[in-house]
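Read off the chains here:
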Amino acid sequence: MSAVRRLEAERADELVERETELRLLTRLIGDLELGHGGSALVLGPAGSGRTALLDQVASVAAERGLQVFTARGSATESELPYGLLSQLLASIPELADVPWLHAALSDGTDVQVLHELLCQRLLESARRCPVLLVVDDLILADEQSEAWLAALQRRRGSDPVLLVAAHSGPQDADSDEAPLCLGGLPWENRHVVRLRPLSEAAVRRLVHAVPAPRPPVAEVYAATRGNPALLAEVLARSSAGPGPGAEITAITADVRRDTVLDLLARLPSDLAALVRTIAAIGTLDEAYLRPLAAPLGMPLSRALRVLADSGLIGTDPAEPMNPQVATWVLAATGADERAGTRRRAAELGHRRAAPEEDVAGLLLGSQPVGEPWALETLHAAALRRREAGDHTEAARYYRRALAEPAPPGTSARLRLELETVEASSCPFTGGLRLARATRISGDDTVRTRLSAVDLMMQRGARDDALRELAVLSEAAVDDRDRADLVALHWLAEGTGAGAPLLGVPAAADVDPAALTPAQAAAASWLATTSCRDGRAARRLARRAADPSNEPMTLYSPRLALAITFTQTDDVLEALSVYEEVIADASAAGAGVPVALGLTGQAWIHLQRGRVLAAEEALAKAAASGPPDGWPLTVSDSLSTIAIASALTRGDLDAAQRAVDASVDGGPLYSAPYLLFMRGLLELDLKRHRRALGLFQECGRRMNAAGWLNPGLVPWRSHVAIAAQALGDEHTAAAMISEEWRLAQNWGTRTAIGRTHLSAGVAVRSEDAVFRLTQAVNALQQSPARVLYVEAVLLLAGAQLNRGQTSGVPRLLREAERLATAYQLAWATSRIADLGKRLSDRPRRSYRTASRRWRALSPAATDLVRRVLSNASNAELAEELGVSKRAVELRLTAIYRQLEVTGRAELRELFDALDKEL
């Protein structure tokens, strides 16, 4: 005996949490005893206990001596004429002399006359003893029986006949006032009884009714959601199982599956086939189902109602079938039947212009169609899923698309895109997948193979890329593909030396005017890394980005171009190139170029002081692919930006966490940046020896890659800073000298300003103020705003150290303005410290300054007045008839005598003395 029935046996006068419903129906039976008829409709989904409640009502009526006639609709008998009526009237004594219904009909008896006769005899019987008619599963009643019940409802008047029927009910009938027209019966003055799921308290009572050990109540309630029939079977199986340790969720799933498969097996073949069709195509649209379903023995709309009442399907077109139910139904369906149904549904959807996503979903499990529209639909769906970042689903569409017949070139492109998607999700097999894509043969697949090599390079596999390019150079390649092959070879090789045996010329041997955009981008990158000439690199980059040229399709040349623009201080151009790469790669679902483009943008934002924008770009880059699926080129870049962002905000703890989360030992493509950032953190933490080791290792890797440009990674100047802190002034001076030579050769304001800045920190001498002044002047017009703030603060501190305070307030005001604009907390605290130092210094003795001013010779006083009139050194030399160098020496002596550092302090001192005097 099940738990539900056991509890009912203990409390025979009520069902579990059905007391209210049972009281209402019992009251109707009492009214029936008094000669008052009526009707009641019990509504509830499959398994809600409708049958148990009807059985209880029938038992109560029988115990009170009333006539009880029961019947139950059935899917197998729903088309049998008068099947339900035959069940109801089979045992009524007053109808014993009525000919068998089929014989009466076959003799040509009028249906209306027959209905009248049967109603009259039943009402005569009810006048002698009240009659209770109990009909379960009314929706499955045959049409003739429905018509007779409707006639009885109209004829019974005040006769003592009570009709109690059960039905699943419409999904939106949530109140007793909702209109009900079920089974074609008039339900005036009816009572509606709605069966809700059992509450958690009721489930607890039922669980406690089973012998110990008992399963957890919360798990049982969560798994069954209070469905009485499901709950009873789950408790029965749990009790019969190995004990409470059995997984309630697994038991519930088994019960649901068994119930579904049992229902499916008991359905007529036509209805079972309809269920399988709905599971395969996922819709209740009759326009779709009608041409796809097998011939039915009933109208399609009625068949759908029958299936909904059984619980196999729903009534919401958006969710025609529970996903688990669909899975179980399809598992019991032959593969060929499933595939054929989905193919027919896809073809029908295409002809009727159904949404493309729906058609693509049907094609996933269908047999090959062999029409161009199928391939196009699948490819479009794959691209959409790639854009959404769902690489797993995109791969399913690609694999299905490859099953369709297509030209070799199209198949090759699809295969490359598939390999790209799958490479994005697995760092260990990504390179192998891309290498496999380059093995595609055929004259139409050169572009596909070049794209595979392009993606290899972004993953850091430069040696593999060179090997594949060597193989590809032997194939028949047109001029456009040959030009891109040369550009990729230069980038992969890193020196531009070329490979004459493979037909790849050296970059230096090609006329710049003859370079294609991709080649110009590669050549600009080579000029950048070798630090040959910043102006030449800028010219090559602008040639590559000329909008009149044919757009570049490969990612590696464009990423190299963006870095060149960054290093030549053309950051807006760099951001534009990165944006194009991100857009194109996102549309193609290529996660690595998207992430590299976003980290490139983040680096520029950090340079410009836009920390929030940098962190937003970093978050997008991290979210554009699986965390464990990135190649080291991307993971190192993400870690580099995370550390740099934390250092820019002055959050050393966050920087340390980013360092701890990073993985060292990556390829030369990006590892030097990560080493440099780790060194900066050690420098800020005053761990100078560890910083020196990291900067030196960074330099070794940079030299091994042939990257000499200090704009890429200024490791030499930072070796100097760490060495100076450790007392090694010789190394510091040598490193500063070497970096200054390279920075002058490159010539950008950022490179020159950064080198002056590092020299001002590393070289402890009276030259520090001069170096920092030069850094401020260079960086003032540079996009590196954070470096500019750093230079301004260092200059203010150096001037305070030398007692030259007149220019410090202006520097602090400039630093405060920028720190507020860029929200640089570290700068704000340093500004406050410097301001306090300035205010704590004793005021300049104007008496002493006045005495020194009066001590100047007339010639020196005249020279100062000419300086205060804004005359330049060249103009002064011409007016005085001396050399420019002589003017500089005279001014230096005057500055030293007045204890000022230059023209600005001289003007401030003169203004103060003028007021004092």
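Residues numbered from 1 in each chain as written. Predicted model: local features only at pLDDT ≥ 70, side-chain atom pairs only at ≥ 80, totals over all residues. Heavy atoms only, no water.

Colleague: For this particular structure, what's the right way to read the overall build of the chain?
Modeller: Counting its secondary structure elements, the chain contains 46 helices and five strands. Classification of the 917 residues of the chain by burial places 51% in the buried group. The long-range share in the chain, meaning contacts at least 24 apart out of those at least 6 apart in sequence, stands at 66%. A total accessible area of about 41200 Å² is found for the chain, and carbon and sulfur atoms account for 51% of it. (Helix = DSSP H or I, 4+ residues; strand = E, 2+ residues; numbered from the N terminus. Buried < 20%, exposed > 50% of the residue type's maximum accessible area, 1.4 Å probe, protein only. Contact = heavy atoms within 4.5 Å. Areas by Shrake-Rupley, 256 points an atom, 1.4 Å probe, with all protein chains shown as cover.)

Colleague: Looking at this structure, how should I read the side chain of Asp 159?
Modeller: With respect to the helices and strands, Asp 159 occurs in the loop between α7 (143–155) and β4 (161–167). Classification of Asp 159 by relative accessible area gives buried; the value is 12%. One polar contact links Asp 159 to Arg 127, side chain to side chain, over a distance of 3.2 Å. Excluding its chain neighbours within four sequence positions, the residues that come into contact with Asp 159 are Gly 35, Gly 37, Leu 123 and Arg 127. (Polar contact = N/O pair within 3.5 Å; in protein donor to acceptor, adjacent residues only side chain to side chain.)

Colleague: Would you mind going over the packing of aromatic side chains with me for this structure?
Modeller: By convention here, two paired aromatic rings are described through the distance between centres and the angle between planes. In the structure shown here, the tally under the stated rule is two aromatic pairs. An angle of 85 degrees between the planes, with centres 5.6 Å apart, marks the rings of Trp 525 and Trp 707 as edge-to-face. Residue Trp 525 is found in helix α25 (residues 517–530), and its partner Trp 707 is found in the loop between α34 (688–705) and α35 (715–725); the two are separated by 182 residues along the sequence. When its relative accessible area of 4% is taken as the criterion, Trp 707 is described as buried. Positioned above the aromatic ring of Trp 740, the side-chain terminus of Arg 771 is 5.6 Å from the ring centre. (Phe/Tyr/Trp six-rings, centres within 6.5 Å; stacked < 30°, edge-to-face > 60°. Lys NZ or Arg CZ within 6 Å of the ring centre and 35° of its normal.)

Colleague: Mind showing me how you'd approach the sheet that holds strand β2 (residues 67–72) here?
Modeller: Strands in a sheet are paired, the pairing made by backbone hydrogen bonds, and the direction either parallel or antiparallel. An order of β2-β3-β4-β1-β5 is seen for the five strands of this open sheet, with the pairing classed as parallel. Strand pairing shows two members of the sheet lacking a second neighbour, β2 and β5 (190–194), which therefore form its edges. On average, adjacent strands in this sheet sit at an angle of 15 degrees to one another, irrespective of strand direction. As paired strands, strand β3 (residues 131–136) and β4 are joined by five bridges and run parallel to one another. Bridge pairing in β4 places Val 135 opposite Ala 165. Lying over the sheet, helix α2 (residues 19–33) contacts β1 (38–43), β3, β4 and β5, oriented at roughly 155 degrees with respect to β5. Against the sheet, helix α3 (residues 50–63) engages β1, β2, β3, β4 and β5, with an angle of about 165 degrees to β3. (Pairing = 2+ DSSP bridges. Axes fitted to C-alpha atoms, helices over the stretch in contact; angles between N-to-C directions.)

Colleague: What am I meant to see in the packing of helix α22 (residues 446–458) against helix α24 (residues 479–493) here?
Modeller: Working note: a packed helix pair is described by the angle between its axes plus the distance between those axes. It is at 11 Å that the axes of α22 and α24 come closest, and there the two elements cross at 15 degrees. Considered as vectors, α22 and α24 are oriented roughly parallel to each other. Handedness of the crossing formed by α22 with α24: left-handed. Side by side, α22 and α24 meet where Val 446, Arg 447, Leu 450, Val 453, Asp 454 and Met 457 of the first sit next to Arg 480, Asp 481, Asp 484, Leu 485, Leu 488, Leu 491 and Ala 492 of the second. For the contact of α22 with α24, the class distribution of residues is eight nonpolar, no polar and five charged. (Parallel < 35°, antiparallel > 145°, perpendicular 65-115°, else oblique. Left-handed = near helix turned anticlockwise from the far one by under 90°. Nonpolar A, V, L, I, M, F, W, Y, C, P; charged D, E, K, R; others polar.)

Colleague: Looking at this model, I keep getting lost on unusual backbone geometry. Mind explaining?
Modeller: Leave glycine aside and you will find that most residues have negative phi; peptide bonds, for their part, are mostly trans. Positive phi outside glycine occurs at Asp 569, with the angle close to 70 degrees. Owing to a relative accessible area of 19%, Asp 569 belongs among the buried residues under this scheme. A positive phi angle, close to 75 degrees, is found at Asn 870, a residue other than glycine. Structurally, Asn 870 is set in the loop between α43 (858–868) and α44 (873–880). Residue classification places Asn 870 among the exposed residues on the basis of a relative accessible area of 59%.

Colleague: Explain the pairing of β4 here, please?
Modeller: Sheet faces and side chains relate simply in a regular strand, where the side chains alternate between the two faces. Counting buried residues in β4 gives seven out of seven residues, a clear majority hidden from the surface. Burial of β4 is two-sided: the residues Val 161, Leu 163, Ala 165 and His 167 facing one way and the residues Leu 162, Val 164 and Ala 166 facing the other way are all buried. Taken together, the six bridges between β1 and β4 define a ladder with parallel strand orientation. When the sheet's bridge partners are listed, Ala 40 is paired in β4 with Val 164. Since β3 and β4 lie parallel, the crossover through α7 that links them has a hand, and here it is right-handed. (Right-handed = clockwise from strand over helix to strand, strands pointing away.)

Colleague: What should I look at first to understand the pattern of salt bridges in this one?
Modeller: Any two side chains of opposite charge can pair if their charged atoms end up close together. The final tally for this structure, using the stated rule, is 28 salt bridges. Among the ionic pairs, Arg 27 bridges to Asp 31, the shortest N-O distance being 3.9 Å. Of the two residues, Arg 27 and Asp 31 both sit in helix α2, four residues apart, roughly one turn of that helix. Close ionic contact of Glu 357 with Arg 384 constitutes a salt bridge, the shortest N to O distance being 3.5 Å. (Salt bridge = Lys/Arg side-chain N within 4 Å of Asp/Glu carboxyl O.)

Colleague: Can you help me understand the environment of Val 446 in this one?
Modeller: Inspection of the secondary structure puts Val 446 in helix α22. C-alpha separation for the pair Val 446 and Ser 473, spaced 27 residues apart in sequence, amounts to 9.8 Å.

Colleague: What's the story with the nonpolar core in this structure? I'm lost.
Modeller: The nonpolar side chains of a soluble globular protein tend to be buried with one another. Core analysis: the largest hydrophobic core is formed by 96 residues, its most contacted members being Trp 490, Leu 561 and Ile 643. When sequence neighbours within four positions are dropped, the list of residues in contact with Ile 643 reads Ala 655, Ala 658, Val 659, Leu 674, Met 677 and Arg 678. Counting 52 residues, the second largest nonpolar core, distinct from the first, contains Ala 303, Ala 345, Val 359 and Leu 364. (Core = buried A, V, L, I, M, F, W, Y, C linked by side-chain atoms within 4.5 Å.)

Colleague: How should I be thinking about the confidence of the model for the chain in this particular structure?
Modeller: Low pLDDT marks stretches whose predicted atomic positions should not be read closely. Looking at the chain, pLDDT values average 79 and 85% of them are 70 or higher. Per-residue pLDDT, averaged within each element of the chain, yields its smallest value for helix α1 (residues 3–10) (40) and its largest for helix α27 (residues 555–567) (95). (pLDDT = per-residue confidence, 0-100.)

Colleague: How should I be thinking about the side chain of Thr 755 in this particular structure?
Modeller: By the secondary structure assignment, Thr 755 is in helix α37 (residues 749–762). A relative accessible area of 1% places Thr 755 in the buried class. At 2.8 Å, the side chain of Thr 755 and the backbone oxygen of Ala 751 are in polar contact. Excluding residues within four positions of it along the chain, Thr 755 makes contact with Glu 739, Trp 740 and Ala 743.

Colleague: Please explain the environment of Pro 505 as it appears in this structure.
Modeller: Tracing the backbone through its elements, the reader meets Pro 505 in the loop between α24 and α25. Since its relative accessible area comes to 35%, Pro 505 is described here as partly exposed. The sequence separation of Pro 505 and His 489 amounts to 16 residues, and the corresponding C-alpha distance is 9.8 Å. For Pro 505, the contacting residues outside a window of four places in its chain are Val 486, Trp 490, Gly 498 and Val 510.

Colleague: Explain the packing of helix α16 (residues 335–351) against helix α17 (residues 356–364) to me, please; I cannot follow it from the model alone.
Modeller: At a minimum axis distance of 8 Å, the contact between α16 and α17 shows a crossing angle of 160 degrees. What the angle tells us is that α16 and α17 run roughly antiparallel. The two elements α16 and α17 meet at a crossing, and its hand is left-handed. From α16, Arg 342, Ala 345, Ala 346, Gly 349 and His 350 reach across to α17, where they touch Val 359, Gly 361, Leu 362 and Leu 363.

Colleague: Would you mind showing me how to read helix α39 (residues 785–801) here?
Modeller: A turn of α-helix holds 3.6 residues, and therefore any two residues three or four places apart point the same way. Here α39 is 17 residues long and its end C-alpha atoms lie 24 Å apart, about the 24 Å a rise of 1.5 Å per residue gives. Counting buried residues along α39, 13 of its 17 residues qualify, which places the element largely inside the surrounding structure. A positive phi of about 80 degrees marks Gly 803, the residue just after α39. (Expected span 1.5 Å × (residues − 1).)

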